[in-house]
Amino acid sequence: MHMGKVIGSVVSTQKDDSLVGRKLMIVQEINSDLQDGLRQEVAADTVGAGIGEYVLYVRGAGARHSQPGDPHTDVMDAAIVGIIDRFDK
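Model, not experiment: these values are computed from the prediction.

Cut-off values and rules
Residues numbered from 1 in each chain as written. Predicted model: local features only at pLDDT ≥ 70, side-chain atom pairs only at ≥ 80, totals over all residues. Heavy atoms only, no water. Salt bridge = Lys/Arg side-chain N within 4 Å of Asp/Glu carboxyl O. Helix = DSSP H or I, 4+ residues; strand = E, 2+ residues; numbered from the N terminus. Buried < 20%, exposed > 50% of the residue type's maximum accessible area, 1.4 Å probe, protein only. Pairing = 2+ DSSP bridges. Axes fitted to C-alpha atoms, helices over the stretch in contact; angles between N-to-C directions.

## Points about the pattern of salt bridges
Alright, step 1. Tallied over the entire structure, the rule returns five salt bridges.
Alright, step 2. Note that E29 is salt-bridged to R59, the shortest N-O span being 3.4 Å. Linking E29 in strand β2 (residues 23-30) with R59 in strand β4 (residues 54-59), this pair joins segments that are 30 residues apart in sequence.
Alright, step 3. Here R86 makes a salt bridge to D88, at a shortest N to O gap of 2.9 Å.
Alright, step 4. Judged by its relative accessible area of 58%, D88 falls in the exposed class.
Alright, step 5. A single salt-bridge network, built from bridges that share partners, covers E29, R39, E41 and R59.

## Thoughts on the pairing of strand β5 (residues 78-83)
Alright, step 1. Relative to β5, strand β3 (residues 36-45) runs parallel, the two being bridged by two bridges. Residue D45 lies in a different strand from β5, and its bridge partner there is I80.
Alright, step 2. Strand direction decides the pairing type here: β4 and β5, joined by five bridges, are antiparallel. Residue pairing across strands places V58 opposite A79, the latter belonging to β5.

## A look at unusual backbone geometry
Negative phi is the rule for most residues except glycine; trans is the rule for most peptide bonds.
Alright, step 1. With a phi close to 65 degrees, L34 is a non-glycine residue in the positive phi region.
Alright, step 2. With respect to the helices and strands, the residue L34 is situated in the loop between β2 and β3.

## Structural notes on the sheet that holds β3
Alright, step 1. Strand order in the closed barrel formed by five strands is β1-β2-β3-β5-β4, with mixed pairing between adjacent strands. Neighbour-to-neighbour, the strand axes of the sheet open up by a mean angle of 55 degrees, direction not taken into account.
Alright, step 2. As paired strands, β2 and β3 are joined by seven bridges and run antiparallel to one another. Across the sheet, Q28 pairs through a bridge with Q40, a residue of β3.

## A word on the environment of M25
Alright, step 1. As for its placement among the helices and strands, M25 is situated in strand β2.
Alright, step 2. What makes M25 buried here is its relative accessible area of 3%.

So this is what it looks like as structure tokens:
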């Protein structure tokens, strides 16, 4: 699982059927000090995250298993699975 900040969204009218109806967000990876990493990626939002929110996201099989359906036919490779309320160190 990774931490990130939602920095934008992506609109795609032509896409694989497994992505229809999913909100696609741009996530900037962060570390525990809230410093941005170099990695940005598009992740399907499963929890209703908004731009500017800190989130938990998963990649690969974890992303494909985050939603109902057949994970063998799903092309999703990253999914937002939680919104971070606070950081305790």
